[in-house]
Amino acid sequence: MDGMDPSRLRDLANALRALAMDAVQQANSGHPGMPMGMADVATVLVSRHLKFDPTAPDWPDRDRFVLSAGHGSMLLYGLLHLTGYADMTLDQLRRFRQLGSRTPGHPEYGHAAGVETTTGPLGQGLANAVGMALAERLLAARYGAEIVDHYTYAIAGDGCLMEGISHEAISLAGHLRLSKLIVLFDDNGISIDGPTSLSVSDNQSARFEASGWKTLAVDGHDAAAIDAAIAEAKTADRPTMIACRTVIGFGAPNKGGTAAAHGSPLGEAEIAAAREQLGWPYPAFEIPHDIAAGWRAIGSRGAESRAGWEARLESQDAERRAEFQRTQAGELPAKLDDSVAAYKRQLVTEQPGWATRKSSQEVLEVMTRAAPELIGGSADLTGSNNTKTGATDPVTADDFSGRYLYYGVREHGMAAAMNGIALHGGLIPYGGTFLVFSDYCRPAIRLAALMGIRVVFVMTHDSIGLGEDGPTHQPVEQLAALRAIPNLNVFRPADAVETAECWQLAVQSTNRPSVIALTRQGLAAVRHSDSDENLCGRGGYVLAEADGRRQITLLATGSEIAVAMAARTLLQAEGIGAAVVSLPCQELFDEQPASYRADVLGAAPRIAVEAAVGIGWARYLGDKGAFIGMDGFGASGPYNSLYEHFGITPARVAEAARNALD
């Protein structure tokens, strides 16, 4: 390790240990053991390898550092403070885990500069890192190594590797040979319950090797060994896992190496003893000037590298440079809206009766040509999800110039990797599976919503309308479950025009992920006139007003719009004025002014129909309203028979409307 005194590195690492001990103790809550155990590894990584600049935390070509073991958040916060991130002040460390601080219990994206992703649910950060490393390769293929050339590092613990998502993420990364991904495994042998031998006996190195990774093993407290291993990993032709054997709570003489250091403050007496054992005689939250200066010098080193990168970017062709800057800023191409508008006019003229999964593919043909930042994929259901277009060639380990990812049967890993792609910047990911399998994706969808990032989850086969595959594949509760997630738009379009509008809204949503639920069965067109306005943008609108005075309002989404329209015909024939309201996105509708919502819903009784459970619909129905839908699981059979069997029919909707008028 040329130019770095090992004892000096230990002093720098001890600053991290002290801040972790002190912050957790002051909060009377937290996890001191992991930051203390991984302080040496983190110090070597940041001081010797990590490319970053605290004065430009969003520099596109910075290395990405993901703390997948998010419970050890004080390791990250300590690094950010010591290396000079302006918003991570000492006061923020003192306010660890306090309301309104930048230092929540687990790292949260957007709370502080330098926090690349929200972690804490174990394994998610590891899968995010796979997505980030994948994004780097995709953009490097597009713009060249002069502009895109950086590593993704992740610190993962035993818990991350026990979680099932780790298998999916590791397998995908190995298959694609993501050579600029380096995982530092905190191999401390301790979990909350005690020694990991209580619950797991996996050979983690063999496991990674079986998935095509390079593996190395080091003493996690030997700075020279750590440095050499990272340097070797950076030359590999595949992703690398470095198993760093560490002592949890390193330096704590009584609790170190035990579960007692994992998830609770050490206590004043143990902290005092640790200070003595570490040779750290300084009071709580005090960092000696020379050590603080050493850390700031480490933080300042990236400025020169960033300046060189900026010069290289400036030397690029103006059009190429502008395209890079546009996509990094998350701005959509100017031509995209015009392309979608022209396509909508075509649909109004042609009135196709496609399944909305087909409608989705057709609008994606338009959008992927207009917006090269769209990166598609599917969890082994490409032909069913209809997510691939003529503009999206496959991505392979030998060719990252494509724009379509075959994720395999890895729904959870796909969703979390898409989060990582979005967090990296420069790309807009979308990926498909069946709606019923949104349950496999849910933890990653929830984190996308929590972070407020632009990811589009394409969920086809959205009801009993998928037919013969039966109740194992027919979603009934999934729409309600997804709608329960805050800051998530759940779209369920009714025809090709609505599908185009929902896709347009999804890619425009820079601070909120989207789910687009799509049918397997064909649907008749319901939008018969062109509109310059994106009607789905209000979440709900009057699709068909009553002939004469409105006496009943029928609410529906997706495939059940056809049921509502047929019921309207029955009622109108009886002289009952019935309006049909399409609600393709309840979240956007709920955000509209009260006056608009009142105008759309009207004062007449309301009947809602959706081939799903009715949870969440009551707020639209009022005292006299009724819901027609599912109250149990589906069944195997042709979809038309299933709608009759479960009573999701125009006749039953009309009957409910008559009853509401009595």
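Relevant structure appears above.
Source: prediction; values computed, not measured. Per chain, residues are indexed from 1 in the order of the written sequence. Since the coordinates come from a predicted model, pLDDT governs what is reported: local features require at least 70, and pairs of side-chain atoms require 80 or more to be given and counted, while whole-chain, interface and lining totals use all residues. No hydrogens and no water enter the side-chain calculation; it runs on all heavy atoms of the structure.

Bringing the overall build of the chain into the picture now. If you tally the helices and strands in the chain, you get 26 helices and 18 strands. We compute the radius of gyration over the C-alpha atoms and compare it with the globule rule, which gives 2.2 Å times the number of residues raised to the power 0.38. Here the C-alpha atoms of the chain give a radius of gyration of 27 Å, agreeing with the 26 Å that 2.2 N^0.38 yields for 662 residues. Oriented by its inertia axes, the alpha-carbon framework of the chain measures out at about 90 × 55 × 45 Å. The rule is simple: take the accessible area with a 1.4 Å probe, protein chains only, and divide by the maximum for that residue type; under 20% is buried, over 50% is exposed, in between is partly exposed. Across the 662 residues in the chain, those meeting the buried criterion constitute 62%. Any pair of residues with heavy atoms lying within 4.5 Å of one another is described as a contacting pair. Pairs at least 24 residues apart make up 78% of the contacts formed inside the chain by residues separated by at least 6 positions. Here the accessible surface of atoms and residues is derived via Shrake-Rupley with a 1.4 Å probe, and residues count as covered only by protein chains that are part of the display. Of the roughly 23500 Å² of accessible surface on the chain, a fraction of 49% belongs to carbon and sulfur atoms. Helix numbering and strand numbering both begin at the N terminus, where a helix is a DSSP run of H or I of at least 4 residues and a strand a DSSP run of E of at least 2.

This part covers the side chain of Arg483. Positionally, Arg483 belongs in helix α19 (residues 478-483). Residue Arg483 is classed as buried on the basis of its relative accessible area of 14%. Once residues within four sequence positions are removed from consideration, Arg483 is found in contact with Val490, Thr557, Gln586, Glu587, Glu610 and Trp617.

This part is about the packing of aromatic side chains. Paired rings are identified among Phe, Tyr and Trp, the last through its six-membered ring, by centres lying within 6.5 Å, and are further divided according to the angle between planes into stacked (under 30 degrees), edge-to-face (over 60) and tilted (the rest). Overall, the coordinates contain 16 aromatic pairs when judged by the stated rule. Consider the rings of Tyr143 and Phe324, whose centres lie 5.1 Å apart with planes at 85°: the pair is edge-to-face. With Tyr143 in helix α5 (residues 124-143) and Phe324 in helix α13 (residues 318-328), the pair connects residues that are 181 residues apart, well separated along the chain. Judged by relative accessible area, which is 3%, Phe324 ranks as buried. A centroid spacing of 5.5 Å and a plane angle of 85° characterise the contact between Tyr430 and Trp503, whose relative ring orientation is edge-to-face. Remark: Trp503 occurs in helix α20 (residues 496-508) and Tyr430 occurs in strand β10 (residues 428-434); sequence separation between them is 73 residues. Among the aromatic residues, those joined into a ring-pair cluster are Phe589, Tyr596, Trp617, Tyr620 and Phe627.

Here we come to the nonpolar core. Residues belong to a common nonpolar core when they are buried Ala, Val, Leu, Ile, Met, Phe, Trp, Tyr or Cys residues joined through side-chain atoms within 4.5 Å. Judged by nonpolar contacts, the single largest core of 76 residues is most densely connected at Trp503, Ile552, Leu554, Leu555 and Ile607. Top contributing element to this core by residue count: α20, with eight residues. Once residues within four sequence positions are removed from consideration, Leu554 is found in contact with Ala564, Ala567, Arg568, Leu571, Ala579, Val580, Val581, Ile607 and Val653.

Let's shift gears to the sheet that holds β10. Whether two strands pair comes down to DSSP finding at least two bridges between them. If you walk across this open sheet you meet the six strands as β9-β8-β10-β11-β13-β12, and the pairing is parallel. Strands with a single pairing partner mark the edges of an open sheet, and in this sheet they are β9 (404-406) and β12 (489-491). The sheet shows a mean angle of 20° between the axes of neighbouring strands, direction not considered. Here β10 pairs with strand β11 (residues 456-460) via five bridges, running parallel. The partner of Phe434 across the bridge, within β11, is Thr460. Axes here refer to lines fitted to C-alpha atoms; in helices the fit is confined to the stretch in contact. Angles between the N-to-C directions go from 0 to 180 degrees. In the packing of α20 onto the sheet, contacts are made with β8 (374-378), β10, β11, β12 and β13 (514-517), and the angle to β13 comes to roughly 165°.

In this section: helix α11 (residues 289-300). The length a helix should cover is 1.5 Å for every residue beyond the first. The terminal C-alpha atoms of α11 lie 16 Å apart, and with twelve residues this matches the ideal 16 Å at 1.5 Å per residue to within 8%. Here α11 has its buried residues at Ile291, Gly294, Trp295, Ile298 and Gly299. What you see down the axis of α11 is that its buried residues fit within an arc of 140°, all on one side. The inward-facing, buried residues of α11 contact α1 (6-27), α2 (33-48), α3 (73-83) and α12 (302-314). Relevant arc is that of directions from the helix axis to the C-beta atoms, nothing else.

Turning next to the sheet that holds strand β1 (residues 64-67). One open sheet holds the five strands; their spatial order is β1-β2-β3-β7-β6, and the pairing between them is parallel. The sheet is open, and its two borders are formed by β1 and β6 (214-219), each paired with just one other strand. Ignoring strand direction, the axes of neighbouring strands in this sheet form an average angle of 20°. Pairing geometry for β6 and strand β7 (residues 240-245), over six bridges, is parallel.

Attention now goes to the pairing of strand β3 (residues 181-187). In terms of burial, β3 is largely enclosed, as seven of its seven residues are buried. Of the two faces of β3, both are covered, the one formed by Leu181, Val183, Phe185 and Asp187 as well as the one formed by Ile182, Leu184 and Asp186. Across six bridges, the pairing between strand β2 (residues 152-157) and β3 is parallel. In the strand pairing of β3, Gly157 is matched with Asp186. Bridge count between β3 and β7: six bridges; the pairing is parallel. Bridge pairing in β7 links Asp187 to Arg245.

Topologically, Thr392 is positioned in the loop between α16 (382-385) and β9. We call two N or O atoms a polar contact when they sit within 3.5 Å, provided that within protein one can donate a hydrogen and the other can accept it, with sequence-adjacent residues counted only if both atoms are side-chain atoms. In this structure the side chain of Thr392 is engaged in a polar contact, spanning 3.0 Å, whose partner is the backbone nitrogen of Thr389. With near-sequence residues (within four places) excluded, Thr392 lies in contact with Thr368, Arg403, Tyr404 and Tyr430.

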